[in-house]
Amino acid sequence: MLSKNTQMMQRDLEVIWHPCTQMKDHETLPLVPIKSGKGVYLYDFEGNKYIDAVSSWWVNLFGHANERINNKIKEQLDTLEHVLLAGFTHEPAIELAHQLVNMTPEELRKVFYVDNGSSAVEAALKMSYHYHLNMGSRKPIFLSLSNSYHGETIGALSVGDVALYKETYEPLLIGNMQVPVPKDQTVEATQVALVALEKVLKEKSSEISAFIIEPLIQGAGGMHMYHHDYLVGARRLTKAYNVHLIADEIMTGFGRTGKMFACEHANISPDFMTLSKGLTGGYLALSVVMTSDEIYQAFYCDYNEYKAFLHSHSYTGNPLACAAALATLEIFKDEDVLMENEKKRQYIETKMEPFTALLNVKEVRQQGMVTAIELKGYETSERIGLRIYEYALTQGVLLRPLGHIIYFMPPYIISYEEIDKMIDVAFKGIQKIMKVD
Ligand SMILES: *Cc1c(COP(=O)(O)O)cnc(C)c1O
């Protein structure tokens, strides 16, 4: 008799093509079928439990099967599951948009609903290009940072810079340029990168619609972190050169960096902000593009002037997803989440000290509820992250390293004991793979 996990895995592999996966790996690497979730834990079909230390790809904020979010969705489910958002509207979308306008930087006054992160990026790029066109200039290039990630649809992939995802599709991509991201969190690196940005803007700004960035932390690019002064400089320069600034806060939004939005660390208002992932507490696919009244007004005219933004997705602003988002924001309001997170961040910081003494650790870095350990001395072909992943699973922790970067991005409701366990398992895993000469 095959175990229940194995049965599920076999049935899965008959028909499912998984994301971000070389499917042949599963000849030797077991899939983990998850039966249920509660709090930070995921449970498989044989009763094993795993701490979800990556918040199920960075989306979960307040745990699996969160009672408040569950109840709000159930209530919404019995009221209205979905309605189109063109010509029609509904209360959760209206209420959520107002709350988002009130909590995000000052100049962001309008909310455009989309249904996933990449699509929000696509919509922001199109809006920016279209704005300039409506204002009389054709600017077909987008600028982004080296090592950036903005999603994997063609437009979003174009402005990203992670070779593994991008290289193959190079001939299909839209016009983009990259400027170097600050190489670390120092003020010197910030200055060097701003000089490079200004040089490109000086030469090319007449062709560039927007500069898109992941503020403070480049997620898929290996949790690369830089100083918030870069945001201040980027805002000043883009304004001076009439180029939009798109803050892609899909990963950094909703408290991940220590403030509600990463832009707050620099006190800047971007021209566009994209939000998704944590927006629904990790429950449902929903995203928004937020923008200013000024940009909104450039599309506002008689129909026959053909300036409207004619972009749509079937599940745009889904009521169930909006209800989940409202419940998530309610939790932020009722509990002092950011303050509790700051205590946890400090606790994690002190627990990271022993890592820096390990010979195969290059650097430990942290920003808010993201902590990354960069390893050194390994070839890509050694697939060191995969070995850590496999080890951690046997110990009941779901880590999903990005190559040689091990990171923690747990749900905010993680307890101190669970933090201990998550960190101890990573430490032992890193020790285990250390080469001894
Ligand atoms: C995850 C992510 C995206 C893409 O969102 P999807 O919902 O996965 O399409 C875009 N930008 C950033 C910064 C992200 O982390």
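Residues numbered from 1 in each chain as written. Predicted model: local features only at pLDDT ≥ 70, side-chain atom pairs only at ≥ 80, totals over all residues. Heavy atoms only, no water.

What about the nonpolar core?
Membership of the largest hydrophobic core comes to 83 residues, with the highest contact counts inside it found for L197, F211, Y230 and F254. Here this core gets ten residues from one element, more than from any other, and that element is helix 11 (residues 319-334). Three or more residues apiece are contributed to this core by two domains, here domain 1 (32-65 + 336-436) and domain 2 (70-334). Counting 29 residues, the second-largest nonpolar core is a separate cluster that includes M352, V361, I406 and V425. (Core = buried A, V, L, I, M, F, W, Y, C linked by side-chain atoms within 4.5 Å. Buried < 20%, exposed > 50% of the residue type's maximum accessible area, 1.4 Å probe, protein only. Helix = DSSP H or I, 4+ residues; strand = E, 2+ residues; numbered from the N terminus. Domains from an automatic or database assignment.)

As for the site of the ligand
Inspection of the region around the ligand gives W58, N116, G117, S118, Y149, H150, G151, E214, D248, I250, M251 and K277 as its neighbouring residues. One of the backbone N or O atoms of G117 is found 2.8 Å from an oxygen atom in the ligand. Within the contact set of the ligand, a nitrogen atom lies 2.7 Å away from a side-chain nitrogen or oxygen of D248. When isolated, the ligand has an accessible area of 380 Å², and the protein chains bury 83% of it. (Near = heavy atom within 4 Å. Polar contact = N/O pair within 3.5 Å; in protein donor to acceptor, adjacent residues only side chain to side chain. Areas by Shrake-Rupley, 256 points an atom, 1.4 Å probe, with all protein chains shown as cover.)

Observations concerning a nonpolar patch on the surface
Taken together, I154, Y169 and L172 make up a surface patch of nonpolar side chains, about 280 Å² in accessible area. Among the residues examined, I154 registers a relative accessible area of 37% and is labelled partly exposed. (Patch = residues over 30% accessible without salt bridge, like charges linked within 9 Å, V, L, I, M, F, W, Y side chains within 5 Å. Salt bridge = Lys/Arg side-chain N within 4 Å of Asp/Glu carboxyl O.)

Side note on the domain arrangement of the chain
Once the domains are mapped, the chain shows domain 1 (32-65 + 336-436) and domain 2 (70-334). Computed from C-alpha coordinates alone, the two centres of domain 1 and domain 2 are separated by 27 Å. When domain 1 packs against domain 2, close to 2,200 Å² is buried across both sides, 63% of that on carbon and sulfur atoms. Across the contact surface, domain 1 and domain 2 share zero salt bridges. Counting every contact that joins domain 1 to domain 2 gives nine residue pairs in polar contact (both at pLDDT 80 or more). Of all the elements in the fold, those that place two or more residues in the side of domain 1 that touches domain 2 are helix 2 (55-58), helix 12 (337-351), strand 13 (361-367), strand 14 (370-375) and strand 16 (405-408). (Buried area = accessible area lost by both parts, 1.4 Å probe.)

Focus on empty space enclosed by the protein
Evaluation of the coordinates by the stated rule reveals three cavities of 30 Å³ or more. Space inside the largest cavity adds up to approximately 50 Å³. For the largest cavity, the full set of lining residues is S148, Y149, G151, E152, L157, G160, D161, V162, Y165 and K166. A per-class count over the lining of the largest cavity returns four nonpolar, three polar and three charged. (1 Å grid on protein atoms, 1.4 Å probe; cavity = no way out; pocket = protein on both sides within 12 Å on 5 of 7 lines; lining within 4 Å. Points joined across faces, edges and corners; volume = space filled by probe spheres on them. Nonpolar A, V, L, I, M, F, W, Y, C, P; charged D, E, K, R; others polar.)

Some thoughts on the UniProt feature "binding site: substrate" (unreviewed entry) in the chain
Per the UniProt record, "binding site: substrate" (unreviewed entry) is found at W57, Y149, K277, S312 and R400. Their sequence span is 344 residues, while the largest C-alpha to C-alpha distance among them is 33.1 Å; these annotated residues do not converge on one region. Residues from the named set that contribute to the lining of the largest cavity are Y149. Mapped onto the fold, S312 is located in the loop between helix 10 (293-297) and helix 11. Owing to a relative accessible area of 62%, S312 belongs among the exposed residues under this scheme. Mapped onto the elements, R400 comes out in the loop between strand 15 (397-398) and strand 16. Under the relative-accessibility criterion, R400 is labelled partly exposed at 31%. Look past the residues within four positions of R400 in its chain and what remains in contact with it is C20, V54, W57, Y389 and Y407. (UniProt positions renumbered as here; feature names shortened; annotations may be inferred. Contact = heavy atoms within 4.5 Å.)

Concerning the side chain of E249
In this structure, E249 sits in the loop between strand 10 (244-248) and strand 11 (272-275). Look at E249: it is buried, it has no salt bridge, and the nearest opposite charge is R256 at 11 Å. One polar contact links E249 to T252, side chain to side chain, over a distance of 3.0 Å. Within the structure, E249 has its side chain in polar contact with the backbone nitrogen of C263 (distance 2.8 Å). (Lys, Arg positive; Asp, Glu negative; His and termini not counted.)

As for the sheet that holds strand 11
Sheets are built from strands paired through backbone hydrogen bonds, the pairs being either parallel or antiparallel. An order of 4-12-11-10-7-5-6 is seen for the seven strands of this open sheet, with the pairing classed as mixed. Every interior strand has two partners, whereas the edge strands, strand 4 (110-114) and strand 6 (176-179), have only one. Between one strand axis and the next, the sheet turns by 20° as a mean value, whatever way the strands run. Here three bridges tie strand 10 to strand 11, and the two strands are oriented parallel to one another. Paired with A247 across the strands is M273, a residue of strand 11. Contacts from helix 4 (residues 91-103) reach strand 4, strand 11 and strand 12 (287-291) within the one sheet, and its direction differs from that of strand 4 by about 130°. (Pairing = 2+ DSSP bridges. Axes fitted to C-alpha atoms, helices over the stretch in contact; angles between N-to-C directions.)

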